[in-house]
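Geometric and topological summary
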Amino acid sequence: MNQLDALKQLTTVVADTGDFRQMVQYQPRDATTNPSLILKAVQKPEYAPLLKDTVAAHRGEPLDELMDRLLVRFGTEILSIIPGRVSTEVDARLSFDADATCARAERLIALYRAAGVPAERVLIKVSSTWEGIRAAERLEQRGIRCNMTLLFSFCQAVASGQAGAQLISPFVGRIYDWYKKAAGTSWDEAAMAGANDPGVQSVTRIFNYYKRHGITTEVMGASFRNIGQIRALAGCDLLTISPELLAQLAASDDALPRALDAEAARALDLPEVHYDEPAFRLTLNQDAMATEKLAEGIRAFIADAEKLEALMQTA
(Lines give C-alpha, C1' and ligand atoms only; values in the text may rest on other atoms or scores of the structure.)
Protein backbone atom coordinates (compact mmCIF):
# COMPACT_ATOMS: atom_id res chain seq x y z
CA MET A 1 0.00 0.00 0.00
CA ASN A 2 1.41 3.41 -0.91
CA GLN A 3 1.26 6.35 1.50
CA LEU A 4 -1.66 7.99 -0.28
CA ASP A 5 -3.78 4.87 0.12
CA ALA A 6 -2.64 4.53 3.73
CA LEU A 7 -3.55 8.17 4.40
CA LYS A 8 -7.03 7.62 3.00
CA GLN A 9 -7.62 5.01 5.70
CA LEU A 10 -6.95 7.62 8.40
CA THR A 11 -8.04 10.93 6.86
CA THR A 12 -10.35 12.23 4.16
CA VAL A 13 -8.09 13.30 1.29
CA VAL A 14 -9.04 16.47 -0.54
CA ALA A 15 -7.51 17.78 -3.78
CA ASP A 16 -6.28 21.38 -3.60
CA THR A 17 -6.35 22.50 -7.22
CA GLY A 18 -8.35 24.09 -10.01
CA ASP A 19 -6.83 21.62 -12.46
CA PHE A 20 -9.65 19.11 -12.22
CA ARG A 21 -8.21 16.79 -14.86
CA GLN A 22 -5.37 15.99 -12.45
CA MET A 23 -7.82 14.78 -9.82
CA VAL A 24 -8.96 11.62 -11.53
CA GLN A 25 -5.86 9.57 -10.82
CA TYR A 26 -5.82 10.39 -7.10
CA GLN A 27 -9.54 9.85 -6.40
CA PRO A 28 -10.01 12.42 -3.63
CA ARG A 29 -13.39 12.69 -1.93
CA ASP A 30 -13.54 16.50 -1.88
CA ALA A 31 -11.76 19.37 -3.61
CA THR A 32 -10.86 22.94 -2.73
CA THR A 33 -10.34 25.94 -4.98
CA ASN A 34 -9.37 29.57 -4.49
CA PRO A 35 -8.79 32.56 -6.82
CA SER A 36 -5.09 31.78 -7.12
CA LEU A 37 -5.75 28.18 -8.20
CA ILE A 38 -8.42 29.21 -10.71
CA LEU A 39 -6.12 31.90 -12.12
CA LYS A 40 -3.39 29.32 -12.56
CA ALA A 41 -5.79 26.90 -14.26
CA VAL A 42 -7.32 29.31 -16.78
CA GLN A 43 -3.87 30.22 -18.08
CA LYS A 44 -3.45 26.61 -19.29
CA PRO A 45 -4.65 25.88 -22.83
CA GLU A 46 -6.98 23.10 -21.75
CA TYR A 47 -8.89 25.40 -19.35
CA ALA A 48 -8.82 28.71 -21.23
CA PRO A 49 -12.08 27.81 -23.06
CA LEU A 50 -13.94 27.69 -19.74
CA LEU A 51 -13.14 31.34 -19.15
CA LYS A 52 -13.95 32.36 -22.73
CA ASP A 53 -17.21 30.39 -22.78
CA THR A 54 -18.33 31.85 -19.45
CA VAL A 55 -17.64 35.41 -20.57
CA ALA A 56 -19.29 34.86 -23.97
CA ALA A 57 -22.43 33.41 -22.39
CA HIS A 58 -22.80 36.28 -19.93
CA ARG A 59 -21.19 39.22 -21.69
CA GLY A 60 -22.30 42.55 -20.30
CA GLU A 61 -22.79 41.31 -16.75
CA PRO A 62 -20.78 43.02 -13.96
CA LEU A 63 -17.31 41.61 -13.37
CA ASP A 64 -18.20 40.31 -9.93
CA GLU A 65 -21.03 38.24 -11.42
CA LEU A 66 -18.79 36.91 -14.17
CA MET A 67 -16.25 35.95 -11.51
CA ASP A 68 -18.84 33.99 -9.55
CA ARG A 69 -20.05 32.26 -12.71
CA LEU A 70 -16.48 31.23 -13.56
CA LEU A 71 -15.89 29.88 -10.05
CA VAL A 72 -19.14 27.90 -10.20
CA ARG A 73 -18.27 26.60 -13.68
CA PHE A 74 -15.04 25.16 -12.30
CA GLY A 75 -16.87 23.86 -9.25
CA THR A 76 -19.47 22.00 -11.29
CA GLU A 77 -16.76 20.44 -13.48
CA ILE A 78 -14.95 19.29 -10.34
CA LEU A 79 -18.14 17.85 -8.85
CA SER A 80 -18.62 15.73 -11.97
CA ILE A 81 -15.36 13.97 -11.02
CA ILE A 82 -15.41 13.71 -7.22
CA PRO A 83 -18.09 12.13 -5.02
CA GLY A 84 -18.02 14.75 -2.25
CA ARG A 85 -17.90 18.52 -1.87
CA VAL A 86 -16.16 21.42 -3.57
CA SER A 87 -15.09 24.60 -1.76
CA THR A 88 -15.68 27.89 -3.58
CA GLU A 89 -14.38 31.18 -2.22
CA VAL A 90 -16.16 34.45 -1.57
CA ASP A 91 -14.29 37.47 -2.98
CA ALA A 92 -11.56 38.38 -0.48
CA ARG A 93 -12.42 42.07 -0.92
CA LEU A 94 -15.47 41.31 1.24
CA SER A 95 -13.41 39.92 4.13
CA PHE A 96 -14.44 42.73 6.48
CA ASP A 97 -18.09 43.02 5.43
CA ALA A 98 -20.37 40.37 6.93
CA ASP A 99 -23.49 41.47 5.05
CA ALA A 100 -21.76 41.50 1.67
CA THR A 101 -20.13 38.14 2.39
CA CYS A 102 -23.53 36.60 3.12
CA ALA A 103 -25.01 38.07 -0.05
CA ARG A 104 -22.14 36.77 -2.18
CA ALA A 105 -22.32 33.32 -0.60
CA GLU A 106 -26.04 33.12 -1.27
CA ARG A 107 -25.47 34.10 -4.90
CA LEU A 108 -22.84 31.37 -5.32
CA ILE A 109 -25.22 28.79 -3.88
CA ALA A 110 -28.01 30.05 -6.18
CA LEU A 111 -25.72 29.65 -9.19
CA TYR A 112 -24.82 26.12 -8.11
CA ARG A 113 -28.48 25.22 -7.65
CA ALA A 114 -29.26 26.63 -11.10
CA ALA A 115 -26.58 24.28 -12.44
CA GLY A 116 -28.27 21.34 -10.72
CA VAL A 117 -25.85 21.12 -7.78
CA PRO A 118 -27.43 20.76 -4.31
CA ALA A 119 -26.16 23.09 -1.58
CA GLU A 120 -24.86 20.20 0.52
CA ARG A 121 -22.17 19.51 -2.09
CA VAL A 122 -20.72 23.01 -1.75
CA LEU A 123 -18.65 24.64 0.97
CA ILE A 124 -18.42 28.42 0.78
CA LYS A 125 -14.94 29.62 1.70
CA VAL A 126 -14.96 32.67 3.94
CA SER A 127 -11.99 34.57 5.38
CA SER A 128 -11.48 33.93 9.10
CA THR A 129 -11.80 37.58 10.10
CA TRP A 130 -14.24 38.52 12.86
CA GLU A 131 -16.67 39.70 10.17
CA GLY A 132 -16.17 36.53 8.15
CA ILE A 133 -16.87 34.37 11.17
CA ARG A 134 -20.07 36.31 11.91
CA ALA A 135 -21.13 35.87 8.28
CA ALA A 136 -20.47 32.14 8.51
CA GLU A 137 -22.61 31.92 11.64
CA ARG A 138 -25.54 33.44 9.76
CA LEU A 139 -24.95 31.34 6.65
CA GLU A 140 -24.82 28.09 8.61
CA GLN A 141 -28.18 28.97 10.15
CA ARG A 142 -29.53 29.31 6.59
CA GLY A 143 -28.22 25.90 5.58
CA ILE A 144 -25.16 27.18 3.70
CA ARG A 145 -22.06 25.30 4.82
CA CYS A 146 -18.85 27.27 5.28
CA ASN A 147 -15.13 26.54 5.03
CA MET A 148 -13.18 29.07 7.11
CA THR A 149 -10.05 29.93 5.16
CA LEU A 150 -6.97 32.05 5.86
CA LEU A 151 -6.90 30.57 9.36
CA PHE A 152 -3.57 30.85 11.17
CA SER A 153 -4.36 31.03 14.88
CA PHE A 154 -6.02 29.21 17.72
CA CYS A 155 -8.42 32.10 18.41
CA GLN A 156 -9.66 32.03 14.80
CA ALA A 157 -10.30 28.30 15.15
CA VAL A 158 -12.10 28.62 18.49
CA ALA A 159 -14.30 31.48 17.24
CA SER A 160 -15.13 29.53 14.07
CA GLY A 161 -16.13 26.54 16.19
CA GLN A 162 -18.27 28.76 18.42
CA ALA A 163 -20.00 30.07 15.28
CA GLY A 164 -20.84 26.55 14.12
CA ALA A 165 -18.82 26.63 10.91
CA GLN A 166 -18.86 23.35 9.02
CA LEU A 167 -15.11 23.24 8.45
CA ILE A 168 -11.89 25.18 9.06
CA SER A 169 -8.74 25.20 6.92
CA PRO A 170 -5.69 25.99 9.08
CA PHE A 171 -2.78 26.90 6.77
CA VAL A 172 0.14 24.68 7.73
CA GLY A 173 2.61 25.77 5.08
CA ARG A 174 2.13 29.50 5.47
CA ILE A 175 2.68 29.24 9.22
CA TYR A 176 5.85 27.26 8.52
CA ASP A 177 6.95 29.91 6.00
CA TRP A 178 6.60 32.72 8.55
CA TYR A 179 8.60 31.00 11.29
CA LYS A 180 11.29 29.88 8.87
CA LYS A 181 11.70 33.41 7.53
CA ALA A 182 11.70 34.89 11.04
CA ALA A 183 14.42 32.47 12.17
CA GLY A 184 16.64 33.26 9.22
CA THR A 185 19.99 31.49 9.26
CA SER A 186 19.25 29.93 12.66
CA TRP A 187 16.44 27.77 11.20
CA ASP A 188 17.20 24.06 11.56
CA GLU A 189 15.07 22.25 9.01
CA ALA A 190 15.63 18.79 10.46
CA ALA A 191 14.91 19.89 14.03
CA MET A 192 11.73 21.74 12.99
CA ALA A 193 10.29 18.94 10.85
CA GLY A 194 7.40 16.58 11.58
CA ALA A 195 5.71 17.11 14.92
CA ASN A 196 8.03 20.06 15.62
CA ASP A 197 6.88 21.98 12.55
CA PRO A 198 5.05 25.12 13.80
CA GLY A 199 2.28 24.66 11.23
CA VAL A 200 1.79 21.05 12.27
CA GLN A 201 1.75 22.09 15.93
CA SER A 202 -0.96 24.67 15.24
CA VAL A 203 -3.27 22.14 13.57
CA THR A 204 -2.57 19.53 16.24
CA ARG A 205 -3.54 21.97 18.99
CA ILE A 206 -6.77 22.90 17.22
CA PHE A 207 -7.66 19.28 16.44
CA ASN A 208 -7.08 18.19 20.05
CA TYR A 209 -9.09 21.12 21.43
CA TYR A 210 -12.04 20.46 19.12
CA LYS A 211 -12.16 16.76 19.97
CA ARG A 212 -11.70 17.37 23.70
CA HIS A 213 -14.68 19.74 23.81
CA GLY A 214 -16.96 18.01 21.32
CA ILE A 215 -16.80 20.75 18.69
CA THR A 216 -18.18 19.24 15.52
CA THR A 217 -16.51 21.66 13.09
CA GLU A 218 -14.27 19.65 10.75
CA VAL A 219 -10.53 20.33 10.77
CA MET A 220 -8.87 20.29 7.35
CA GLY A 221 -5.13 20.98 7.28
CA ALA A 222 -4.17 23.01 4.21
CA SER A 223 -1.28 24.73 2.43
CA PHE A 224 1.40 22.06 2.67
CA ARG A 225 5.03 22.55 1.69
CA ASN A 226 6.18 18.91 1.96
CA ILE A 227 4.80 15.44 2.62
CA GLY A 228 6.46 15.38 6.05
CA GLN A 229 3.86 17.91 7.19
CA ILE A 230 1.11 15.70 5.79
CA ARG A 231 2.45 12.57 7.47
CA ALA A 232 2.65 14.43 10.79
CA LEU A 233 -1.09 15.17 10.55
CA ALA A 234 -2.32 11.71 9.50
CA GLY A 235 -5.58 11.18 11.36
CA CYS A 236 -6.78 14.77 10.98
CA ASP A 237 -10.40 14.97 9.81
CA LEU A 238 -9.38 16.08 6.31
CA LEU A 239 -6.22 17.23 4.55
CA THR A 240 -6.32 19.24 1.31
CA ILE A 241 -3.26 18.47 -0.77
CA SER A 242 -1.84 19.74 -4.06
CA PRO A 243 -1.50 17.29 -6.98
CA GLU A 244 2.29 17.52 -6.70
CA LEU A 245 2.28 16.30 -3.11
CA LEU A 246 -0.42 13.72 -3.83
CA ALA A 247 1.95 12.28 -6.44
CA GLN A 248 4.79 12.12 -3.91
CA LEU A 249 2.59 10.28 -1.43
CA ALA A 250 1.46 7.84 -4.13
CA ALA A 251 5.11 7.16 -5.01
CA SER A 252 6.11 6.23 -1.45
CA ASP A 253 5.61 2.83 0.13
CA ASP A 254 6.87 3.86 3.59
CA ALA A 255 4.64 3.12 6.57
CA LEU A 256 2.24 5.87 7.61
CA PRO A 257 1.24 5.66 11.29
CA ARG A 258 -1.61 7.66 12.80
CA ALA A 259 -0.38 10.97 14.22
CA LEU A 260 -3.64 12.56 15.44
CA ASP A 261 -6.11 10.57 17.52
CA ALA A 262 -9.55 11.96 18.38
CA GLU A 263 -10.11 9.38 21.12
CA ALA A 264 -6.84 10.24 22.84
CA ALA A 265 -7.59 13.96 22.53
CA ARG A 266 -10.80 13.54 24.53
CA ALA A 267 -8.76 12.60 27.59
CA LEU A 268 -6.51 15.66 27.45
CA ASP A 269 -6.63 18.42 30.06
CA LEU A 270 -7.46 21.39 27.83
CA PRO A 271 -9.42 24.26 29.41
CA GLU A 272 -12.36 25.55 27.38
CA VAL A 273 -12.08 29.13 26.12
CA HIS A 274 -14.45 31.60 24.45
CA TYR A 275 -13.84 34.75 22.45
CA ASP A 276 -16.05 37.79 22.18
CA GLU A 277 -15.11 40.46 19.65
CA PRO A 278 -12.68 42.48 21.84
CA ALA A 279 -10.90 39.33 23.07
CA PHE A 280 -10.69 37.92 19.54
CA ARG A 281 -9.24 41.11 18.09
CA LEU A 282 -6.74 41.54 20.91
CA THR A 283 -5.61 37.90 20.82
CA LEU A 284 -5.20 37.95 17.05
CA ASN A 285 -3.33 41.26 17.25
CA GLN A 286 -0.89 39.78 19.77
CA ASP A 287 -0.05 36.94 17.37
CA ALA A 288 2.31 38.60 14.89
CA MET A 289 2.45 35.57 12.62
CA ALA A 290 -1.33 35.20 12.32
CA THR A 291 -1.93 38.92 11.91
CA GLU A 292 0.67 39.24 9.16
CA LYS A 293 -0.31 36.07 7.29
CA LEU A 294 -4.02 36.89 7.41
CA ALA A 295 -3.43 40.35 5.94
CA GLU A 296 -0.96 38.98 3.38
CA GLY A 297 -3.35 36.21 2.36
CA ILE A 298 -6.27 38.59 1.83
CA ARG A 299 -4.07 40.89 -0.27
CA ALA A 300 -2.81 37.96 -2.37
CA PHE A 301 -6.32 36.62 -3.07
CA ILE A 302 -7.50 40.13 -4.00
CA ALA A 303 -4.56 40.53 -6.39
CA ASP A 304 -5.32 37.22 -8.09
CA ALA A 305 -9.02 38.05 -8.31
CA GLU A 306 -8.11 41.31 -10.04
CA LYS A 307 -5.89 39.41 -12.48
CA LEU A 308 -8.79 37.05 -13.23
CA GLU A 309 -11.05 40.03 -13.85
CA ALA A 310 -8.47 41.49 -16.24
CA LEU A 311 -8.41 38.22 -18.19
CA MET A 312 -12.21 38.21 -18.38
CA GLN A 313 -12.22 41.76 -19.73
CA THR A 314 -9.99 40.72 -22.62
CA ALA A 315 -11.61 37.34 -23.31
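The text that follows walks through the structure, step by step, so that each part is easy to find. (Residues numbered from 1 in each chain as written. Predicted model: local features only at pLDDT ≥ 70, side-chain atom pairs only at ≥ 80, totals over all residues. Heavy atoms only, no water.)

The helix and strand inventory of the protein chain stands at 14 helices and eight strands. Computed over C-alpha atoms, the radius of gyration of the protein chain comes to 19 Å, within 12% of the 20 Å expected from 2.2 N^0.38 for 315 residues, which places it in the range of a compact globule. Principal-axis analysis of the C-alpha atoms gives the protein chain an extent of 55 × 50 × 40 Å. Within the protein chain, the proportion of its 315 residues that are buried is 53%. Taking contacts inside the protein chain between residues at least 6 apart in sequence as the whole, the part at least 24 apart equals 68%. Taking the 34 positively charged and 41 negatively charged side chains of the protein chain as two groups, their mean positions are separated by 3 Å. (Helix = DSSP H or I, 4+ residues; strand = E, 2+ residues; numbered from the N terminus. Rg over C-alpha atoms; globule rule 2.2 N^0.38 Å. Buried < 20%, exposed > 50% of the residue type's maximum accessible area, 1.4 Å probe, protein only. Contact = heavy atoms within 4.5 Å. Lys, Arg positive; Asp, Glu negative; His and termini not counted. Charge placed at Lys NZ, Arg CZ, Asp CG, Glu CD.)

What follows deals with the nonpolar core. Residues Leu7, Phe74, Ile124, Met148, Ile230 and Ile241 are the most contacted members of the largest nonpolar core, which totals 97 residues. The contact partners of methionine 148, leaving out residues within four places of it in the chain, are Val126, Ser127, Ser128, Gly132, Ile133, Ala136, Ser160, Ala165, Leu167, Ile168 and Ser169. With five residues, the next largest nonpolar core counts Val14, Leu123, Leu167 and Leu238 among its residues. (Core = buried A, V, L, I, M, F, W, Y, C linked by side-chain atoms within 4.5 Å.)

A word on the pairing of strand β4 (residues 122-127). The buried fraction of β4 is high, at six of six residues. Burial along β4 is two-sided: the residues Val122, Ile124 and Val126 and Leu123, Lys125 and Ser127 are all buried. Here four bridges tie strand β3 (residues 86-89) to β4, and the two strands are oriented parallel to one another. Residue serine 87 lies in a different strand from β4, and its bridge partner there is leucine 123. Each parallel crossover has a hand, and for β3 linked through helix α5 (residues 98-114) to β4 it is right-handed. (Pairing = 2+ DSSP bridges. Right-handed = clockwise from strand over helix to strand, strands pointing away.)

Under the definition given, this model contains 25 salt bridges. With a shortest N-O distance of 2.9 Å, arginine 107 and aspartate 68 are connected by a salt bridge. Here arginine 107, found in helix α5, pairs with aspartate 68, found in helix α4 (residues 63-79); they are 39 residues apart in sequence, far enough to count as distant. On the accessibility criterion, arginine 107 (24% relative accessible area) is partly exposed. Of the charged contacts, one joins arginine 281 and glutamate 131 as a salt bridge, the two residues approaching to 2.7 Å between their closest N and O atoms. A residue pair is termed long-range when its members are at least 10 positions apart, and arginine 281 in helix α13 (residues 277-286) and glutamate 131 in helix α6 (residues 130-141) qualify at 150 residues. Among the residues examined, arginine 281 registers a relative accessible area of 36% and is labelled partly exposed. Note on glutamate 131: relative accessible area 18%, which makes it buried. What emerges from the salt-bridge pattern is a single network uniting Asp64, Asp68, Asp91, Arg93, Arg104, Arg107 and Glu309. (Salt bridge = Lys/Arg side-chain N within 4 Å of Asp/Glu carboxyl O.)

The next subject is the packing of helix α2 (residues 35-42) against helix α14 (residues 288-314). Viewed as axis vectors pointing N to C, α2 and α14 meet at an angle of 35°, and their least axial separation amounts to 8 Å. Crossing handedness for the pair α2 and α14: left-handed. Within the contact between the two elements, α2 uses Pro35, Ser36, Ile38, Leu39 and Val42 and α14 uses Phe301, Asp304, Ala305, Lys307, Leu308 and Leu311. Along the lines of polarity and charge, the residues of the contact of α2 with α14 split into eight nonpolar, one polar and two charged. (Axes fitted to C-alpha atoms, helices over the stretch in contact; angles between N-to-C directions. Left-handed = near helix turned anticlockwise from the far one by under 90°. Nonpolar A, V, L, I, M, F, W, Y, C, P; charged D, E, K, R; others polar.)

Summed over all chains, the structure comprises zero disulfides. Looking at the unpaired cysteine 102, the closest cysteine sulfur is the one in cysteine 146, lying at 7.9 Å. Free of any disulfide, cysteine 155 has its nearest cysteine sulfur in cysteine 146, 18 Å distant. Taking the relative accessible area as the measure of exposure, cysteine 155 reaches 2% and is therefore buried. (Disulfide = S-S within 2.5 Å.)

In this section: the layout of surface pockets. By volume, the largest pocket is sized at about 480 Å³. Lining the largest pocket are 30 residues, with Asp16, Asn34, Leu37, Ser223 and Ser242 sitting closest to its centre. Elements with a minimum of two residues in the lining of the largest pocket: α2, β5 (146-151), β8 (238-241) and α11 (243-250). Broken down by element, the lining of the largest pocket gets its largest block of residues, four residues, from α2. Its residues placed into classes, the lining of the largest pocket shows ten nonpolar, twelve polar and eight charged. Volume-wise, the second largest pocket comes out at about 250 Å³. As for the second largest pocket, its lining consists of 16 residues, and the residues nearest its centre are Phe152, Phe154, Ser202, Arg205 and Asp287. Where the lining of the second largest pocket is concerned, the elements lending two or more residues are α7 (154-162), α8 (172-183), α9 (198-212) and α13. Of the residues forming the lining of the second largest pocket, the biggest block, five residues, is contributed by α9. Looking at side-chain class alone, the lining of the second largest pocket contains nine nonpolar, five polar and two charged residues. (1 Å grid on protein atoms, 1.4 Å probe; cavity = no way out; pocket = protein on both sides within 12 Å on 5 of 7 lines; lining within 4 Å. Points joined across faces, edges and corners; volume = space filled by probe spheres on them.)

Glancing now at the sheet that holds β5. Sheet architecture is closed into a barrel: eight strands sit in the order β1-β2-β3-β4-β5-β6-β7-β8, paired in parallel fashion. Going across the sheet, the axis of each strand differs from the next one's by a mean of 30°, ignoring polarity. Most of the contacts of α7 go to β5, to which it runs at about 165°, and overall it touches β5 and β6 (167-170).

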